[in-house]
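# Inside the fold
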Amino acid sequence: NQPAYYFAPTQLLDFLSSYPNLRRMRLHNTIPSAITHASLWEECSGYEVHLPSLEKLRVYAEHCATLVTFLNRVIFPAESSATISSVEASTEDIVSMGRVLLPVLSNPMYDSIRIGNGSFDLYAQNSDYTTPRVAWRAGDFRRILEFLGDLMAFVSSQRITHLDLGLFCESTAYDSDTALR
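A brief structural summary.

Criteria and thresholds
- Residues numbered from 1 in each chain as written.
- Predicted model: local features only at pLDDT ≥ 70, side-chain atom pairs only at ≥ 80, totals over all residues.
- Heavy atoms only, no water.
- Buried < 20%, exposed > 50% of the residue type's maximum accessible area, 1.4 Å probe, protein only.
- Helix = DSSP H or I, 4+ residues; strand = E, 2+ residues; numbered from the N terminus.
- Contact = heavy atoms within 4.5 Å.
- Salt bridge = Lys/Arg side-chain N within 4 Å of Asp/Glu carboxyl O.
- Core = buried A, V, L, I, M, F, W, Y, C linked by side-chain atoms within 4.5 Å.
- Pairing = 2+ DSSP bridges.
- Axes fitted to C-alpha atoms, helices over the stretch in contact; angles between N-to-C directions.
- Parallel < 35°, antiparallel > 145°, perpendicular 65-115°, else oblique.
- Left-handed = near helix turned anticlockwise from the far one by under 90°.
- Nonpolar A, V, L, I, M, F, W, Y, C, P; charged D, E, K, R; others polar.
- Phe/Tyr/Trp six-rings, centres within 6.5 Å; stacked < 30°, edge-to-face > 60°.

## A look at helix α6 (residues 144-151)
Extensive coverage of α6 is indicated by the burial of six of its eight residues. Residues of α6 that are buried: I144, L145, F147, L148, D150 and L151.

Set out below in C-alpha cells:
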C-alpha cells in the first residue's frame with residue numbers, strides 16, 4: 001500500500017493562482033487533509049485564489065472538512081458548474097459547505113433538484129438534466145436526508161419548479177422526521 005503524497009496547501013494554492021484563466025479543474029485526492037494536516041492549512045490564513053474564468057470544478061477528498069477548507073480559499077464565478085464529493089462528513093461540515101457554496105447555490109438560474117442515493121444535483125433552467133450545475137456526492141448515503149436538510153437551507157425553495165427523487169423511497173436511510181425538515 002503506497003502512502004499518499006500531496007502538495008502542501010501553500011504549494012497547491014500558489015500553483016492554482018498561477019493559472020487565473022483556468023476554465024476546468026479536477027482535483028481527486030490531491031488536496032491535503034484539513035484533518036490530519038490542519039497546521040499546514042493555518043499557514044494559508046487569508047490566502048485566496050481567484051479563478052474568474054472557471055466554468056467547471058470537480059473536487060474529491062475523503063473528508064468534507066478538507067473540501068470546505070480548500071473551497072474557502074478558492075473564489076470562482078457563481079455560474080460555475082461544481083461537483084463536490086467526499087466519503088466522510090458531519091452536519092457541521094455540510095452547513096460549512098453550504099456557506100462556502102452560497103454564491104453558487106443561491107444563483108437564481110437553478111430551478112431543478114434531483115436527489116438519489118448519496119447524491120444531490122441542482123440544475124439550471126431549461127437543462128436537459130444530463131449535466132448537473134451543482135452536484136454533491138456523499139459516501140454515507142444513509143445520512144443523505146439529514147445532510148440535504150442542512151444543505152437545502154442555502155437553496156431558495158421558492159424558485160424550485162422541478163424535483164426528481166430517485167431510488168430514495170426504498171432506501172434504508174429513510175427517516176420521516178428528517179424528510180419533513
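The discussion continues.
## Here we look at the side chain of S86
Within the fold, S86 resides in strand β5 (residues 81-88). Excluding residues that lie within four positions of it along the chain, S86 makes contacts with Y60, A61, E62, H63, C64, L67, W136, R137, A138 and G139.

## What about the pattern of salt bridges?
If you walk through the whole model with that rule in mind, you get three salt bridges. Where D121 meets R137, a salt bridge forms, and the shortest distance between an N and an O atom there is 2.6 Å. Taken together, the positions of D121 in strand β7 (residues 119-124) and R137 in strand β8 (residues 134-138) put the pair 16 residues apart, joining distant regions of the chain. On the accessibility criterion, D121 (4% relative accessible area) is buried.

## Let's talk about the environment of H50
Structurally, H50 is set in strand β2 (residues 49-50). Taking the relative accessible area as the measure of exposure, H50 reaches 45% and is therefore partly exposed. The spatial distance from the C-alpha of H50 to the C-alpha of L13 is 9.9 Å, given a sequence separation of 37 residues. Sequence-distant contacts of H50, that is, excluding residues within four places in its chain, are made with P20 and I75.

## A closer look at the nonpolar core
If you look at the biggest cluster of nonpolar residues, it comprises 46 residues, and the most contacted ones within it are F70, L71, I84, L105, F120 and W136. The greatest single-element share of this core, amounting to five residues, is contributed by helix α3 (residues 64-71). Not counting residues up to four positions away in its chain, the partners in contact with F70 are L12, L13, L16, M25, L27, I31, W41 and V59.

## Comments concerning unusual backbone geometry
We note that N29 has phi near 55°; this positive angle belongs to a residue other than glycine. You can see N29 is positioned in the loop between β1 (24-28) and α2 (38-42).

## A closer look at the sheet that holds β5
Strand order in the open sheet formed by seven strands is β1-β3-β5-β8-β7-β6-β9, and the pairing between neighbours is mixed. The sheet is open, and its two edges are formed by β1 and β9 (162-165), each paired on a single side. Here the average twist between neighbouring strands, direction ignored, is 10°. Relative to strand β3 (residues 56-63), β1 is paired through five bridges, and the arrangement is parallel. Bridged to R24 within β3 is K56.

## Points about the packing of α3 against helix α4 (residues 91-100)
Across the interface, α3 lies against α4 with an axial gap of 9 Å and an inter-helix angle of 25°. Taken together, α3 and α4 sit at an angle that is classed as roughly parallel. Here α3 and α4 pass one another in a crossing that is left-handed. Listed contacts from α4 to C64, A65, L67, V68 and L71 of α3 are D93, I94, S96, M97 and V100. By residue class, the composition of the contact of α3 with α4 is eight nonpolar, one polar and one charged.

## Considering the packing of aromatic side chains
This structure, assessed with the given rule, holds two aromatic pairs. Judged by centre distance (5.6 Å) and plane angle (25°), the ring pair of F7 and F15 falls under stacked. Owing to a relative accessible area of 35%, F7 belongs among the partly exposed residues under this scheme. By relative accessible area, F15 is classed as partly exposed at 40%. Members of the aromatic cluster, each reached through a chain of ring pairs, are F7, F15 and Y19.

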